[in-house]
Amino acid sequence: MACTLGPDPRGAGGGHERPSWDNRLQYLLSCIGFAVGLGNIWRFPYLCQTYGGGAFLIPYFIALVLEGIPLFHIELAVGQHLRTGSVGVWKAVSPYLGGVGLGCLTVCFLVSLYYNIVLTWVLWYFLNSFQNPLPWGSCPLDLNRTASSPRTIIYELHPRAEACGARIRARAPWPALDGPSRVPGFEAECQASSPVSYFWYRQTLNVTADISDSGSIQWRLLACLAASWAVVYLCVIRGIESTGKVIYFTALFPYLVLTIFLIRGLSLPGAVKGLTYLFTPDVRILLSPRVWLDAATQIFFSLSLAFGGHIAFASYNPHRNNCEKDAVIISLVNSLTSLYSSIAMFSVLGFKAANDHGRCLDRNILRLINAFELPDQSVNRDDYAAVLTHLNATQPETVARLCLETCRLEDFLDKSASGTGLPFIIFTEAILHMPGAPAWAVLFFGMLFTLGLSSMFGNMEGIITPLLDMGVTHRFIPKEVLTGLACLVCFLLAICFTLQSGNYWLEIFDNYAAPLNLMVFAFFEVVGVAYVYGVRRFSDDVESMTGRRPGLYWQVTWKVVSPLLLLTIFVAYVVTLARTPLSYKAWDTQYVRFPSRQKKSYPGWVQAACVLLCFLPILWVPAVALAQLLAAHRRKKDTGRDRCPKL
């Protein structure tokens, strides 16, 4: 039976005095900083571009209204009313739901392990950005002096390479190299791929060719990891009393940088083409169920629902705070930030695409001039199409032997990426072409670091607040000690990600540790409030806090729409997951199609780890429910024994 939701008379668990926000702006910025993370920069623009540009916004905002905002309102309301963390909140709603809170805590812990590794990479790039020229702008010298070795470098095959008998790297950031020859004295792997890819895969990750080969610890990454966790600890050392001061910078600085990039990007050639390509709607794509699934999951993860961080933040609010208004404001700001960042990013990526397209044309023009002995400067980019058409009509065999590259602007615009590929490969290459590249790199990676730092504040609150509320430490042990121990444990466990195979394991954690678990927890959250505790009683609690009773929209979404939508998303996600082979893409210099990454299947023991990550946090829910059932049965048995007459 559900317990009555009432404010915690002590204000906090474990005898600790519960702090409160200095002002409402602090709280709003903290929630926005937690919700607006790296995914807003590198995931949303990719989805927008992939799924029909502006057409993707239709299912996105529908999911926001029917799923995101109602769930967000529930989390803020229960946290504010009970003034406790995720474990205490769901235990108060029903003792049988206590496992939901423990599961949220576990997911926060797992996410914190690998999320700060991304900040480690960002910090490494940030420190390297103070060089001119940037270290990922050119191939380094081969210090082992193996440049003259007979090793054959395999280049990306041009579509017509077999017919021409030559290998040509299409769309390279430097003049194409014909045949297996290369410039002597430079790293072969770099010339076979690109300077930005080489800096990422070799000089940053030093990645192995297979996940089974763990490799060694990369000490530069370990040092950056220690520095990142030190920064996180100093910011969260006293909970919201310390993060509340830092959040003014970490939450607002990214908007300043995005605005600077937007202004600069719109002034660059090709920016308008990039934005046109991004938002040109293709309504036919809406017929695909995958679009709706990705839109719903993007809203879900973008708002950081079911992590427990928002519940923790809301628990420090005064009782009479309009949590309904907060839920709407934060949700809209988060979604509009995703849209704003997409415009800023693709204005710069449009410039990069136009630049790459121009260089592709220049390489073809140079081949035409050399082959047909045309005067220098006789063919420019604007005339290229007409000249090529004329030569194809008059001397088609000669043109065919040149193996000209296919230079379509759309192909270069389509070279987008999701996840780490966008900031560490695609965007870093775009920055190289901008005047004053080091300054832009410092701004960009400084923005990413503050974005990730704000999200880490929410993750750590999702861990520390429940632990304090459960009283896992003695009341005389300072909060700073518990926070330090939590950060230290996370740092030590995250060292495995600094191995040469660490990037492969980060992808595993990112794909399997959180998504499925969070969907289950969110479903139990909305069902627990709507059907276990009851919408009517919950509405009474909301009215006592806001002075306004939730209307029909909230009632319908809580009772019907959101649970059904979450259940549909869960089923669709599981089906998609079951149909997708457990595989990864490896960076292997011996791969015949290098620099394309080789698709490999996970070994059996890695597949077992994937399954374990998928279901480990969820196991808290049935485990706690079963423990409560056994405890209730034992109490009932003891009560019956006490009632028996003694002889």
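Above this note sits the structure.
Here is what the cut-offs are and how they apply
- Residues numbered from 1 in each chain as written.
- Predicted model: local features only at pLDDT ≥ 70, side-chain atom pairs only at ≥ 80, totals over all residues.
- Heavy atoms only, no water.
- Helix = DSSP H or I, 4+ residues; strand = E, 2+ residues; numbered from the N terminus.
- Buried < 20%, exposed > 50% of the residue type's maximum accessible area, 1.4 Å probe, protein only.
- Contact = heavy atoms within 4.5 Å.
- Areas by Shrake-Rupley, 256 points an atom, 1.4 Å probe, with all protein chains shown as cover.
- Polar contact = N/O pair within 3.5 Å; in protein donor to acceptor, adjacent residues only side chain to side chain.
- Phe/Tyr/Trp six-rings, centres within 6.5 Å; stacked < 30°, edge-to-face > 60°.
- Lys NZ or Arg CZ within 6 Å of the ring centre and 35° of its normal.
- Expected span 1.5 Å × (residues − 1).
- Bend = angle between axes of the 7 residues up to and from the residue.
- Disulfide = S-S within 2.5 Å.

Caption draft 1: Highlighting the overall build of the protein. Check the secondary structure of the protein and you find 26 helices and two strands. Residues counted as buried form 56% of the 647 residues belonging to the protein. A fraction of 83% describes how many contacts in the protein between residues 6 or more apart in sequence connect residues 24 or more apart. When the accessible surface of the protein is totalled, it reaches about 27200 Å², and 63% of it is carbon and sulfur.

Caption draft 2: Looking closely at unusual backbone geometry. Here the amide bond leading from Asn 132 into Pro 133 is cis, since omega sits at 5 degrees, within 30 degrees of zero. Secondary-structure assignment places Pro 133 in the loop between α6 (98-128) and α7 (161-164). In this structure, Pro 595 follows Phe 594 across a cis peptide bond, with omega equal to 20 degrees. Note that Pro 595 resides in the loop between β1 (583-586) and β2 (598-601). A positive phi angle is found at Asn 206, which is not glycine, with a value near 50 degrees. Structurally, the position occupied by Asn 206 is in the loop between α9 (195-204) and α10 (219-236).

Caption draft 3: Summary view of the side chain of Thr 297. Summarising the element assignment, Thr 297 is placed in helix α13 (residues 289-302). We classify Thr 297 as buried; its relative accessible area is 7%. Looking at Thr 297, its side chain comes within polar contact range of the main-chain oxygen of Leu 293, at 2.9 Å. The residues contacting Thr 297, other than those within four sequence positions of it, are Met 519 and Ile 569.

Caption draft 4: Region of interest: the packing of aromatic side chains. Under the defined criterion, the tally for this structure stands at 41 aromatic pairs. Aromatic side chains Tyr 60 and Phe 61 sit 5.3 Å apart centroid to centroid with 85 degrees between the ring planes, which places their arrangement in the edge-to-face category. Residue class for Phe 61 comes out partly exposed when judged on its relative accessible area of 29%. On the basis of an interplanar angle of 70 degrees and a centroid distance of 5.1 Å, the ring pair of Phe 444 and Phe 445 is categorised as edge-to-face. By the burial criterion, Phe 444 is buried, and Phe 445 matches it. The aromatic ring of Trp 124 is capped on one face by Arg 220, whose charged end is 5.8 Å from the ring centroid.

Caption draft 5: Broad picture of helix α11 (residues 240-266). Over its 27 residues, α11 extends 38 Å from the first C-alpha to the last, a length consistent with the 39 Å expected when each residue adds 1.5 Å. The largest bend along α11 reaches roughly 45 degrees and is located at Val 246.

Caption draft 6: How the structure looks around the state of the cysteines. Under the definition given, this model contains two disulfides. For Cys 139, the disulfide goes to Cys 190, at an S-S distance of 2.1 Å. An S-S torsion of about -85 degrees defines the bridge between Cys 139 and Cys 190 as left-handed. With a gap of 51 residues between them, Cys 139 in the loop between α6 and α7 and Cys 190 in helix α8 (residues 188-192) connect regions that are remote in the sequence.

Caption draft 7: Spatial organisation of the environment of Arg 24. With respect to the helices and strands, the residue Arg 24 is situated in helix α1 (residues 24-35). Assessed through its relative accessible area of 35%, Arg 24 is described here as partly exposed. As a C-alpha pair, Arg 24 and Asn 317 span 293 residues in sequence and 8.3 Å in three-dimensional space. Among residues more than four places away in sequence, those in contact with Arg 24 are Asn 321, Asn 322, Lys 325, Asp 326 and Ile 329. Among the polar contacts made by the side chain of Arg 24, one reaches the side chain of Asp 326 at a distance of 2.4 Å.

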